[in-house]
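Chain residues, written in single-letter form:
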Amino acid sequence: FRKLYDEALEWVERIEQIVDTLPSEEEKKHEEISVIFRRARIFYETKDYDQAEKLFQRVQQKSQSIGWQRFSITAQRSLADINIIKGNLDQAESLLQTGLPIASRNKDKKGVAFYKRSFARLARKRGNIEEMRRWAREARDGFERLGMIYQTNEMRGLLKEETR
């Protein structure tokens, strides 16, 4: 897998070079944020959480500065996931409580499902199995409606794991 992530980083670097050639400043800003986000996801997936956290913070700041709310709350959720992994559970909860209402208000069904998945992970980390089940069921149902098979199965697995 490491080879695939290294290749992905190479592609991100290529895209980064192309961004400078884009004709409009607005396009450049959007693509720059997208590139930083992709790089952050790669670091997250390779478990380099410190680097991913720094990049997601940049995505969130840059997104907010241009009013790109969907990317901002996606980065915020990713920061919450990192905080869950690192054991900063109160910080994670604060980020999730701020972002979920925004995703709901924007009718971002995918974002809402991911936020619910993160709440399930948080509840699990805290050992609150009933709350974890509730969030995992809601996330599973959202992913299922969206046809997101991998995420649906991830939530099914979480629900099965906790019923053993």
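For the structure itself, consult the block above.
## Remarks on the overall build of the protein chain
Check the secondary structure of the protein chain and you find eight helices and zero strands. Helices and strands in the protein chain line up, N terminus first, as α-α-α-α-α-α-α-α. Within the span of the protein chain, comprising 164 residues, buried residues form 43% of the whole. Restricting the contact set of the protein chain to residue pairs at least 6 apart, pairs at least 24 apart contribute 52%. A total of about 9600 Å² of accessible surface is found on the protein chain, and carbon and sulfur atoms cover 48% of it.

## Looking at helix 7 (residues 129-146)
With 18 residues, helix 7 should reach 26 Å at 1.5 Å per residue; the first-to-last C-alpha distance of 25 Å fits that figure. The secondary structure elements touched by the buried residues of helix 7 are helix 5 (89-105), helix 6 (109-126) and helix 8 (149-161). Just beyond helix 7, the residue with positive phi is Gly147, at close to 75°.

## Looking at the environment of Arg121
With respect to the helices, strands and loops of the structure, Arg121 is situated in helix 6. It is 9.1 Å that separates the C-alpha atoms of Arg121 and Ile85, two residues lying 36 residues apart in sequence. With residues near it in sequence (within four places) discarded, Arg121 still touches Tyr44, Asp81, Ile84 and Glu154.

## Here's the deal with the nonpolar core
Formed by 42 residues in total, the largest nonpolar core has its most connected members in Phe56, Val59, Leu96, Leu122, Ala136 and Phe143. Listing elements by their share of this core, those giving two or more residues are helix 2 (25-45), helix 3 (49-65), helix 4 (69-86), helix 5, helix 6, helix 7 and helix 8. The greatest single-element share of this core, amounting to eight residues, is contributed by helix 6. With residues near it in sequence (within four places) discarded, Phe56 still touches Phe37, Ala40, Arg41, Tyr44, Ala75, Ser78, Leu79 and Ile82.

## A short note on the side chain of Ser63
Locating Ser63 in the fold gives a position in helix 3. Relative accessible area serves as the criterion here: at 0%, Ser63 is assigned to the buried category.

## Examining the packing of aromatic side chains
In the structure shown here, the tally under the stated rule is six aromatic pairs. Measuring from ring centre to ring centre gives 5.6 Å for Phe37 and Phe56, while their planes differ by 65°; the resulting arrangement is edge-to-face. Taken as a pair, Phe37 in helix 2 and Phe56 in helix 3 lie far apart in primary sequence, 19 residues in all. In this structure Phe37 comes out as buried when scored by relative accessible area, which is 15%. On the numbers, 4.4 Å between centres and 15° between planes, the contact of Trp68 with Phe71 is stacked. Three or more aromatic residues joined by ring pairs form one cluster here, namely Phe37, Phe56, Trp68 and Phe71. Positioned above the aromatic ring of Trp135 is the side chain of Arg134, whose terminal nitrogen or guanidinium carbon lies 4.5 Å from the ring centre.

The rules behind the values
- Residues numbered from 1 in each chain as written.
- Predicted model: local features only at pLDDT ≥ 70, side-chain atom pairs only at ≥ 80, totals over all residues.
- Heavy atoms only, no water.
- Helix = DSSP H or I, 4+ residues; strand = E, 2+ residues; numbered from the N terminus.
- Buried < 20%, exposed > 50% of the residue type's maximum accessible area, 1.4 Å probe, protein only.
- Contact = heavy atoms within 4.5 Å.
- Areas by Shrake-Rupley, 256 points an atom, 1.4 Å probe, with all protein chains shown as cover.
- Expected span 1.5 Å × (residues − 1).
- Core = buried A, V, L, I, M, F, W, Y, C linked by side-chain atoms within 4.5 Å.
- Phe/Tyr/Trp six-rings, centres within 6.5 Å; stacked < 30°, edge-to-face > 60°.
- Lys NZ or Arg CZ within 6 Å of the ring centre and 35° of its normal.

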